[in-house]
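# Coordinate analysis (summary)
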Amino acid sequence: MTPTPASLIELRGVSIPARQDPDITVVSGVDWRVEDGEFWVIAGPPGCGKSLLFEIAAGLLAPARGTRSVSTPSAAGMTAAASPSPERGIALVFADGGRPFNQLTVAENVALPLRYHRGCRHDAVASEVERLLDWTGLAPHAQRRPAILNRGLRQRIALARALALRPSLLLLDNPLGGLATSQIRWWLNFLANLQHAHHPALPAPAAIAVTTDNLRPWVTLGTHFALIEDGRWRSLGSPTEVASSQHPAVREMLIDPV
Amino acid sequence: MPAVPPLSRNKGLPWQAMLQSPLPRSYTDFVGQWMLRWIDASHKMLAFALITLGVLATKFKTASAVVHPLIFEQIARAGLGMLPMIGFLAAALGFVVIGQTVAILTKVGAQDLIGTVMVTVFVRELGPLIAAMVVLLRVGTATVIELGMTRALGEVEALEALGIDPIHYLVVPRVLGMAIGVLTLSSYLILGAVFSGYLFAFLQDVPLTPGEYFRQLALALTWQDFALLALKTMAFGGILAVVTCFHGLAQPLLLAEVSSATTRALVTSLIACVALDALFIVVYLLM
């Protein structure tokens, strides 16, 4: 019998509380286990609790019920108990522009987590920052403030900032929401590279999870799918199972947008 | 709702009957709710202050390459940046208060009291309080707005997602900046007012030599004045920083609520500083 691979994160029987009132449960019974190399797509209508799920996974919000266990790979690539260092931990890119720090330049935004956790000056991380800016196509905007950039570029700042700490689990909250077609294409290509080519920004073991309210762009990229609907968590399985699903909400999220 | 008993001569004096009569329910409700809110807010603010102190003590050397430049930036903002304004206020107050006081005391032959009056008015009271108010208006207001925007735009959660402690990164530099800022500005304000005050007295031909003027000031000052001045001004700065950071950062905020949070922070800071000043008056009276 082959041993079960170690999970990067595991949520068991988690109930997600409402942001404004912790006594109200938005989603209950979430059993989610993420392993190395997986690409999770979590679908659901707007306001169903997808963002709150990611905030719980990232440790920003406590679940109303259930347990959350995280393992972060050590430098040697072995799985160890979660350490206080956020490097190789869980990174979250927020929806709606990624929430970059508007008082800092793009380069300073990307350098901040590296400088803070290593306790060093900007010069010491300049080459890493340049590399991250090159990968995310932000090099021409390095000295600009995020406020003057469009939503797609701001979202990329948040992506570069999240990748700076070489996370083992990259959570992207609705990364394609409100983006132009060219930007959507860039994101899908970039995430495909991250997933398949063992990109240096996301060294193995690592996994990616995204939320969406439109499954179509993700069918070719995702390896595991789940649906949050009517306050319940439902695992949808593989891309083939999603494509053949007769669930009305899944069918609706697979049809062409009007 | 209990009926208000009629005022009757048989029950003694009318004011006694008024005191015995129950207050209208709505009024007591209003006062009760206000007091409960005040106690709740004070409790939260105290907890926030203790957390900040804890972070300051335990993480002072953490990420020093990132946080220490922010501390210097805040000191420059709350101290150095306020110097022109403090210089103007020192000159104006010196002319208005000290110049007139010196002139009047000399006229009535009470020159010996000049040192005591100057130390009481400026070193103990006006200097620290005016410096604190200037920092509150120029830096405290901006702090609530900046942190309120940071909170409303979700940047606090973004910091947490990167493993950065928002108290360490956003609050600690402001607390140290404002505490040191109010201390230094108070010192400059006092020195400036003392010099400009004498200049005004000199222009009025007051028969008081500079040597006598400064000798009296030196005699009136004790080492406790310097210690209490440092303690009071740093406490003022700390209070301003904690209250403004609390209102901007410590509770969920919408963009539309930033303006009301700013007003609340200004009023609370003002009341807290005056209350602390009253406490220090007790200390001075016991000296």
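Conventions used here
- Residues numbered from 1 in each chain as written.
- Chains lettered and ligands numbered in written order.
- Predicted model: local features only at pLDDT ≥ 70, side-chain atom pairs only at ≥ 80, totals over all residues.
- Helix = DSSP H or I, 4+ residues; strand = E, 2+ residues; numbered from the N terminus.
- Buried ≥ 20, exposed ≤ 12 C-beta atoms within 10 Å, placed from the backbone.
- Contact = placed C-beta atoms within 7 Å.
- Pairing = 2+ DSSP bridges.
- Bend = angle between axes of the 7 residues up to and from the residue.
- Axes fitted to C-alpha atoms, helices over the stretch in contact; angles between N-to-C directions.
- Parallel < 35°, antiparallel > 145°, perpendicular 65-115°, else oblique.
- Left-handed = near helix turned anticlockwise from the far one by under 90°.
- Nonpolar A, V, L, I, M, F, W, Y, C, P; charged D, E, K, R; others polar.
- Domains from an automatic or database assignment.

This part is about the overall build of chain A. Within chain A, the regular secondary structure consists of 7 helices and 10 strands. Residues counted as buried form 44% of the 258 residues belonging to chain A. Considering only intrachain contacts with a sequence separation of at least 6, the fraction spanning at least 24 residues in chain A is 70%.

Right, let's talk about the pairing of strand E7 (residues 169–172) of chain A for a bit. Within a regular strand, side chains alternate between the sheet's two faces. All names here are of chain A. Residues Leu169 and Leu171 of E7 are buried on one face, and the alternating residues Leu170 and Leu172, pointing to the opposite face, are buried as well. In this sheet, E7 lies alongside strand E6 (residues 90–93) in parallel orientation, the contact comprising 4 bridges. If you follow Ala91 over to E7, its bridge partner there is Leu170. Alignment of E7 against strand E8 (residues 207–212), held across 4 bridges, turns out to be parallel. Each residue of the ladder has a partner; that of Leu172, found in E8, is Val210.

Within helix H5 (residues 114–152) of chain B, the axis deviates most sharply at Leu126 of chain B, by approximately 45 degrees, and proline Pro128 of chain B lies no more than four positions further along. Two residues or fewer after H5 of chain B comes Gly154 of chain B, characterised by a positive phi angle close to 80 degrees.

Time to look at the packing of helix H9 (residues 223–249) of chain B against helix H10 (residues 258–286) of chain B. All names here are of chain B. Contact geometry of H9 with H10 gives a least axis separation of 9 Å together with a crossing angle of 155 degrees. When the interaxial angle is binned, H9 and H10 end up roughly antiparallel. Between H9 and H10 the crossing geometry is right-handed. Contacts between H9 and H10 involve Leu228, Lys232, Ala235, Phe236, Ile239, Leu240, Val243, Thr244, His247 and Gly248 from the former and Ala261, Arg264, Ala265, Thr268, Ser269, Ala272, Cys273, Leu276, Phe280 and Val283 from the latter. Of the residues that constitute the contact of H9 with H10, the class distribution is 13 nonpolar, 5 polar and 2 charged.

Next up on the list: the domain arrangement of chain A. Residue and element names in this part refer to chain A. Examined at the domain level, chain A breaks down into domain 1 (1–83 + 169–258) and domain 2 (99–164). Between the C-alpha centres of domain 1 and domain 2 there is a distance of 24 Å. The partner domain 2 presents 7 residues to the 8 residues of domain 1 that form the contact. Considered class by class, the residues forming the side of domain 1 that touches domain 2 number 6 nonpolar, 2 polar and no charged.

Before going further, it helps to examine the interface of chain B and chain A. Chain B puts 14 residues into the contact, and the matching count from chain A is 15 residues. When residues of the side of chain B that touches chain A are traced back to their parent elements, those giving at least two are helix H3 (64–78) and helix H6 (155–161) of chain B. Of all the elements, H6 of chain B adds the most residues to the side of chain B that touches chain A, at 5 residues. By residue class, the composition of the side of chain B that touches chain A is 8 nonpolar, 3 polar and 3 charged.

Moving on, we get to the packing of helix H2 (residues 25–58) of chain B against H9 of chain B. Residue and element names in this part refer to chain B. Running from N to C, H2 and H9 point in directions that differ by 110 degrees, and their axes come no closer than 10 Å. Here H2 is positioned roughly perpendicular relative to H9, judged by the angle of their axes. Here H2 and H9 pass one another in a crossing that is right-handed. Contacts between H2 and H9 involve Met45, Phe48, Ala49 and Thr52 from the former and Val242, Val243 and Phe246 from the latter. Residues of the contact of H2 with H9, tallied by class, amount to 6 nonpolar, 1 polar and no charged.

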